[in-house]
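# Structure assessment
One letter stands for each residue in the lines below.
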Protein chains: 2
Amino acid sequence: MKNNQFANYTPTFETQIKELKAMKFYIDAETNLTFLLEQSLDKVFLDYQTARSKHQKYHSLLATDSTSVDDFFTMKNELTPTIFYNIALQLLEFEVGIDFKIDDPFTAMTKIQLPSIEIINSVDDFWSAWYLLLTTHTKNGQVFTDLLANKGYFVSFYEDAKPLFFNGKAQPVFDTTKLIREVVYVEAPLDTDHDGQRDLLKTEILRPTVTSGFKVPVLYTASPYNQGTNDEAEVMHNVDIPLAEKPVTDLSEADITSTYQEPELPNPRPVLSETTETEQTFSREFSYTLNDYMLARGFAIVYAAGIGTRESDGIRTCGSVEETVSTVAIIEWLTGQRQAFTNKLNNRAIKATWSNGNVAMTGKSYLGTLATAAATTGVSGLKTIISEAAISSWYDYYRENGLVVAPAACQGEDADVLAELCLSRKKDAADYTTIQNYFSEVMDKLAIGQDRESGNYNQFWDERNYLNQVQNIKANIIMVHGLNDWNVKPRQVEQLWQALRPSPVVKKLFLHQGKHIYINNFRSLDFTDMMNLWLSNQLYAVENGAETLIPNVTMQDNLNAETWHTFDDWADPDSPVQSYHFHQDKLTQSVTSDEHQSVTFKDDLPDDIFNAYVTNNNLWEHDLISTKETNMAENRVQLVTDSFTERLFLSGSAHVKLSVSAGQTKGLISCMLIDYGEANRLNEMPTVLGRKALDTGFHWREDDLVEFTKSATSTPWKMISKGHINLQNRTNRYQNDSVLPGTFNTIEFDLQPTAYQVEKGHRLGLVIYATDFGMTLRNNDSDIYTINLANSRLKVPYQPVTTLF
Amino acid sequence: MKNNQFANYTPTFETQIKELKAMKFYIDAETNLTFLLEQSLDKVFLDYQTARSKHQKYHSLLATDSTSVDDFFTMKNELTPTIFYNIALQLLEFEVGIDFKIDDPFTAMTKIQLPSIEIINSVDDFWSAWYLLLTTHTKNGQVFTDLLANKGYFVSFYEDAKPLFFNGKAQPVFDTTKLIREVVYVEAPLDTDHDGQRDLLKTEILRPTVTSGFKVPVLYTASPYNQGTNDEAEVMHNVDIPLAEKPVTDLSEADITSTYQEPELPNPRPVLSETTETEQTFSREFSYTLNDYMLARGFAIVYAAGIGTRESDGIRTCGSVEETVSTVAIIEWLTGQRQAFTNKLNNRAIKATWSNGNVAMTGKSYLGTLATAAATTGVSGLKTIISEAAISSWYDYYRENGLVVAPAACQGEDADVLAELCLSRKKDAADYTTIQNYFSEVMDKLAIGQDRESGNYNQFWDERNYLNQVQNIKANIIMVHGLNDWNVKPRQVEQLWQALRPSPVVKKLFLHQGKHIYINNFRSLDFTDMMNLWLSNQLYAVENGAETLIPNVTMQDNLNAETWHTFDDWADPDSPVQSYHFHQDKLTQSVTSDEHQSVTFKDDLPDDIFNAYVTNNNLWEHDLISTKETNMAENRVQLVTDSFTERLFLSGSAHVKLSVSAGQTKGLISCMLIDYGEANRLNEMPTVLGRKALDTGFHWREDDLVEFTKSATSTPWKMISKGHINLQNRTNRYQNDSVLPGTFNTIEFDLQPTAYQVEKGHRLGLVIYATDFGMTLRNNDSDIYTINLANSRLKVPYQPVTTLF
């Protein structure tokens, strides 16, 4: 067990005392430290409601190896740091004999990475230690004050109903059984369903009941999914079709630059009346537990699904400018810049009188994508976004280097499929009939725009490339991404990180070892605390050092569980690079004699094997990567280094340069970078350490406590990264080059960026192949590819391993 | 999607009207059916709080293919059954175009198995249809009234705070934000920690605030796990040791009959004072969502972990009589037969004045086991138990036919390991010091009693065999078990089912296709409703036909998803039996020429393969069962039938008779029954259809909605059942016979009971082997086994396939 806590703020002692008083912990007259501890404990054993029941509980805990806490108090013995921390660790739910030794709590605390104070001689020392204890993580990875909150510590604060900050972080002093749940309809500057009226957008608000006159900031999550999705009607594109041979083109950047123009708009609705009371509510929303957590702590939470979703107007157009405008409209209402109504019929306006005008956006995947999109408009009031596993350019979600390349486990999905999926107006049958035909027309155009035939970057995708507007961003940004996310791939965050280099906004990056997941419920990292610190700072203007306490880059180790490294940067374009030469089956750092040769591989397979791979992607991936003889042996080139004599810390995007010829007038190349070496690696999915073990407040919503643990069984390899390219896109992702059968051309492309340590004794492998059964079009046409070894290279950016210590 | 609803009760029309009135649905003066519907809809669209917002919502729903619900009401058109059910299906969250066609709702309703009324011509017809609709399941498998409850329908009932029954089932009319959470300490007639005082048992109570004077029944879950478990300290027995050669014995039943005698007991504590106020509370308990569901509906919920758990007295002794007595003590307090105190120090007594004296027990695994144990005492007040995946005899949990046989994925676990795991007093370090030495002594004795050396049934296990006391059971019993539960294996429930045949108590059995899971959150079966019907009947004496509406045996189909069959019986000892003869590699129904031969297999493996199997049980099982050449090819005999020309419905326990010789003076035989045939089978684990999609009440706790779905990829086989026997236990499970090397002996044993359809075209296989890497001791000693084919048989009990239609 290792605790990685970054959000511990150390204010001056005077501030600590002030905060302890506000938290009702400070005891004024007492000077005996043992008595101080006893009185302090009285406040935290909340389940024990009488002196006698507390007495009974204290009798069950140890102060020393032979003295119970109860006896320690009775005997009025002197408080020592050892006794203080023996008791403290038990309060934090660590177990004597399991987690620490009763005669030496400090060894365990050092190992677990728990903070402590060495000397507790004075009343001031005591309060410093108590303050620090209150901010320390429990065995379940929660701040101790959160554990107390979950037992009802803050119930006596409910009546006051205004925010309380401790250690720079908002505390759960709001009664979540008395939340206000409201629906309003925000009028967006859009008419995407062409009904002659501006689109009204259903907006769900959850907010705490606060002291009259007090205004709260807003966490806003734009989730196209949260009014339901049309899963059962989903129709994927057929991917078992041949790669098209594309006519040679000679395009300029201007040809592929978005020509989006703001359409003429109907006038806004006239306001016929105004009100402060909504007409619609909801009982349960699709929620993000980080939002739930902050809601109890004095933040309003707003969910909106946007145009084309159930009970809203408009249609969906997957990542279009309209979707950005739709997303931003909600912020504009929250900051007094736009109108909302209590229903869609009689123009009864309502203002967000309860909002303090400071908005943050949260959410993962499409939700984080829309947060990024909103930020690129520079909309005022949007102070920060926490964008997790977000898309920065839709081309890179559904395409790559002139190829149709699907997100993992989403073969056949495309912009039109996702638009249909999210058009939840379909769920209200009568409402759907009003847009069905128009939506169908728009989808026909969208299908042309997305152009599955060429796979090229074009104006359609350029409209959906938020990187074009990075310079407009005014909101500070927290970015979170999984280094093993093959749905929204790591390039999405890396491009944004690179594009933001010149920007003055504060940017922080979290890179974890997971796939497409949230990380606010991990035990080893205080992500939730950091976000609380951050949001308290950004939206409540609490001076808590958030901008410096939160590291610029926090990166999870891939070799050791519960280990997080911090850096100032990632994927620095000036990183040192290790270059590898190609041989028949080897990668070496230097030229050797057999280099002036070539290797070939084919792309077609016997029908039964092809079909087996189509239905079983794991089998295909296994056969592709395996060093043993498999059905993929002739369908790939496998180049592997010698065993590493020391660990390599690969960081950034590996780059592949290939001199390749195809047997036809078209072709594609895929590459995987592999860590070969038997090892017990981190499991792919986090392990649930405790079902519903994390409360977001007192009798409020719960989350599972999870952690990446090491697998009990070893694996012989792990895929580090991959990439794909159309041979006709040698020049760039929008222009078609010619491919002549048997003629060598040089292609160069980056694999997905990552941060990965290859252990000493392991070997680095590059697997070169064509059809990627999980991602590219797949068709059993015969083709043969030849790689000219001498003119091919693998370039791997790295950082000194010493940067990890 | 298929709805299997058994708990729909049909009272008289007069009762229906009375119930509709009590539910505030009945509208008196209105006679126009369209108006009636409009006014009824007004009550169910709870999120829409004004006429205008309802109007807006109705406008989005369809009454006919061209008319919205809103327009239908405006035009005052005539209500037809088609329109009624078009609207009803939308209320039930079915989607037009996806789930049903707007011009014909009835075809879909028939397919989904939703009830309807054909004629809606009169006011009476309308109310019959509305009543039926209120009791019908939504697309998410909840009763419509539950969906309404989750949107707040019953908030206006909170003030009255007394139970309300509709359609025979309790409704959630209690405010779960105002629950009472109390801890008391029940004094058990035990002193298991030998401290000279009777054991006090921590008891957690959650109960609704009710109308003064009103008493509630109790759902009580005895969970040794719910005060925490000592996972990190768990030490398993080493299983990589040789099977012992056992000295030949000649024991009688008397020798293995429990000699448990009630020990001398300290006197009960004197009551020094009495109170009605507790002194201790809790914020969150380990809960079962079925309990949560019933809590909102007027049932108190009680959790107690029993002797040896955190904050209780005593020690744990794994399934002993003391654990049963500990479990029952709580019921005795709930029914006024035993004392409880508000703390453990000053003998302040408290009575369960709020209990109506009717108790049910719930829970799965060890929890269900203790429910069964409690029932076998015949304790008064215990009206019924719902025992899920429960142990009926601990011998069959850790042993089998004279062998140590572990539950799946629990290699090395035993009674002592489980006792240590559950001794959560260890978590309170000072408390633990008071029992540490004594507990250690008891564990030493327990290790002798459980006797891993022989694996035999003995007095220790006989004390832990609840089947011995089945005749004492007075509580009616609901039994639930997974036919693929290899933790608590299906024999556990089958033995209880058989033993209860002569008993007059009502017994109901649910057999599902899952492993060791709960089934109260499946979409296709109204298990929760049936339990509500049952508990309302048993504990509130509501006359609702529960005993006849709930089928005697409800069994999930293994071929088709969402399909449940009902029977009067299961594993009838008089079932017809198909007998199979053995050949070199075949099973046939008749004798053939090659029968008079033998086959051999060995038990040892090359070290590397042995070690690989030790760490990777899936690999071992694959290699064992595969029909291809694997590393297990010489370590098993694989006998397979010809392809079935028609489907076989295997039901009960397959029986194996083997004439076998071993190469040593000891030995073991394992058998697996396999369904060979490529097929898309049900997934092993339920698929989550909706995360947190099931509410147990309004703003109350949530559960995931799940269902067994068919796998997208096919598998070549499925293990149907298995069994193990020690060759020295030919006679029975307690006597040791001699084994002479090379001498044939006949052994006979049952495989685990099941209910399984082998499809036409599939083949039934029997795999005979020795070491079971997942369950038996495993040691790479060489041994060789020979099977005499002529004298061996497989006998398979079956039922006509027609019983499934």
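Residues numbered from 1 in each chain as written. Chains lettered and ligands numbered in written order. Predicted model: local features only at pLDDT ≥ 70, side-chain atom pairs only at ≥ 80, totals over all residues. Heavy atoms only, no water.

Further remarks concern the sheet that holds strand β24 (residues 668–679) of chain B. Residues and elements named next belong to chain B. Taken in spatial order, the four strands of this open sheet run β21-β30-β24-β27, and their pairing is antiparallel. Strands with a single pairing partner mark the edges of an open sheet, and in this sheet they are β21 (637–640) and β27 (715–726). The average undirected angle you get between the axes of adjacent strands in this sheet is 20°. The sheet contact formed by β24 and strand β30 (residues 763–769) spans seven bridges and is antiparallel. Across the sheet, Leu673 pairs through a bridge with Leu766, a residue of β30. Where helix α21 (residues 617–625) meets the sheet, its contacts fall on β21, β24, β27 and β30, and the angle it forms with β24 comes to roughly 80°. (Pairing = 2+ DSSP bridges. Helix = DSSP H or I, 4+ residues; strand = E, 2+ residues; numbered from the N terminus. Axes fitted to C-alpha atoms, helices over the stretch in contact; angles between N-to-C directions. Contact = heavy atoms within 4.5 Å.)

The next subject is the interface of chain A and chain B. When the parts of a complex come together, some accessible area is lost, and that lost area is often used as the size of the interface. Taken residue by residue, the interface counts 55 residues in chain A and 55 residues in chain B. Summing both sides of the interface, chain A and chain B together bury roughly 4,500 Å²; the carbon and sulfur share of this comes to 48%. Counting the surface chain A buries against chain B, the share from its top three residues, A:Gln56, A:Glu279 and A:Ser283, is 13%. The interface formed by chain A and chain B holds 10 salt bridges in total. Salt-bridge contacts for B:Glu232 lead to A:Lys139; the nearest nitrogen and oxygen are separated by 2.6 Å. Across the chain A-chain B interface, the total number found is 34 residue pairs in polar contact (both at pLDDT 80 or more). (Buried area = accessible area lost by both parts, 1.4 Å probe. Salt bridge = Lys/Arg side-chain N within 4 Å of Asp/Glu carboxyl O. Polar contact = N/O pair within 3.5 Å; in protein donor to acceptor, adjacent residues only side chain to side chain.)

Turning next to the UniProt feature "active site" (unreviewed entry) in chain A. Residue and element names in this part refer to chain A. Using the residue numbers shown here, the UniProt feature "active site" (unreviewed entry) corresponds to Ser365, Asp485 and His516. Across 152 residues, the annotated set stays spatially compact, with a maximum C-alpha separation of 10.5 Å. When its relative accessible area of 11% is taken as the criterion, Ser365 is described as buried. In contact with Ser365, other than residues within four places in its own chain, are Glu388, Ala389, Ala390, Val488 and His516. Excluding anything up to four places from it in sequence, Asp485 contacts Ala389, Pro490, Gly514, Lys515 and His516. At 2.9 Å, the side chain of Asp485 forms a polar contact with the backbone nitrogen of Asn487. (UniProt positions renumbered as here; feature names shortened; annotations may be inferred. Buried < 20%, exposed > 50% of the residue type's maximum accessible area, 1.4 Å probe, protein only.)

Within this structure's numbering, the places UniProt gives as "domain: X-Prolyl dipeptidyl aminopeptidase PepX N-terminal" (unreviewed entry) are residues 1–153 of chain A. The span residues 1–153 of chain A carries 48% helix and 0% strand; its end-to-end C-alpha distance comes to 27 Å.

Before going further, it helps to examine the relation of the copies chain A and chain B. Screw-axis analysis of chain A against chain B gives a translation of 0.0 Å along the axis, an RMSD of 0.0 Å, and a rotation angle of 180°. With respect to symmetry, the two chain copies, as superposed, fit the operation of a two-fold axis. Across chain A, the smallest distance between a C-alpha and the rotation axis is recorded for A:Thr177, namely 3.4 Å. (Least-squares fit on C-alpha atoms with pLDDT ≥ 70 in both.)

A few words now on the pattern of salt bridges. Between side chains of opposite charge, a pair can form as their charged atoms come close. For the structure shown, the criterion picks out 76 salt bridges over all chains. B:Glu95 is the partner of A:Lys427 in a salt bridge, and the nearest nitrogen-oxygen pair spans 2.7 Å. With A:Lys427 in the loop between α13 (415–422) and α14 (429–433) and B:Glu95 in the loop between α5 (81–91) and α6 (105–112), this pair bridges two chains. The same class applies to A:Lys427 and to B:Glu95, which are both buried. A salt bridge links B:Arg425 to B:Asp193; its shortest N-O distance comes to 2.9 Å. With B:Arg425 in the loop between α13 (415–422) and α14 (429–433) and B:Asp193 in the loop between β3 (180–187) and β4 (200–207), this pair connects stretches of sequence that are 232 residues apart. The same class applies to B:Arg425 as to B:Asp193, namely buried.

Take the packing of helix α10 (residues 321–334) of chain A against helix α11 (residues 366–375) of chain A next. All names here are of chain A. In the contact formed by α10 and α11, the axes pass within 9 Å of each other and the chain directions differ by 80°. In terms of orientation, α10 and α11 fall into the roughly perpendicular class. Contacts between α10 and α11 involve Glu323, Thr324, Thr327, Val328 and Ile331 from the first element and Tyr366, Leu370, Ala373 and Ala374 from the second. Its residues assigned to classes, the contact of α10 with α11 shows six nonpolar, two polar and one charged. (Parallel < 35°, antiparallel > 145°, perpendicular 65-115°, else oblique. Nonpolar A, V, L, I, M, F, W, Y, C, P; charged D, E, K, R; others polar.)

Our next topic: the side chain of A:Asn150. Among the structural elements, A:Asn150 can be located in helix α8 (residues 144–150). Under the relative-accessibility criterion, A:Asn150 is labelled buried at 4%.

Residues and elements named next belong to chain A. In this fold, Phe35 is placed in helix α2 (residues 33–44). Among the residues examined, Phe35 registers a relative accessible area of 28% and is labelled partly exposed. When near neighbours in sequence (up to four residues on either side) are disregarded, Phe35 contacts Glu30 and Lys76.

Okay, the domain arrangement of chain A next. The domain boundaries assigned to chain A delineate domain 1 (13–145), domain 2 (176–520) and domain 3 (578–682 + 705–803). For domain 1 of chain A and domain 3 of chain A, the distance between their C-alpha centres works out to 55 Å. (Domains from an automatic or database assignment.)

If you trace the backbone, B:Tyr185 turns up in strand β3. Along the primary structure B:Tyr185 and B:Phe341 are separated by 156 residues, whereas in three dimensions their C-alpha atoms are 5.0 Å apart. When sequence neighbours within four positions are dropped, the list of residues in contact with B:Tyr185 reads A:Gln56, B:Leu200, B:Leu201, B:Lys202, B:Gln280, B:Glu311, B:Gln339, B:Ala340, B:Phe341, B:Thr342, B:Asn343 and B:Lys344. In this structure the side chain of B:Tyr185 is engaged in a polar contact, spanning 2.6 Å, whose partner is the side chain of B:Gln280.

A positive phi angle, close to 65°, is found at A:Ser365, a residue other than glycine. Mapped onto the secondary structure, A:Ser365 falls in the loop between β10 (355–361) and α11.

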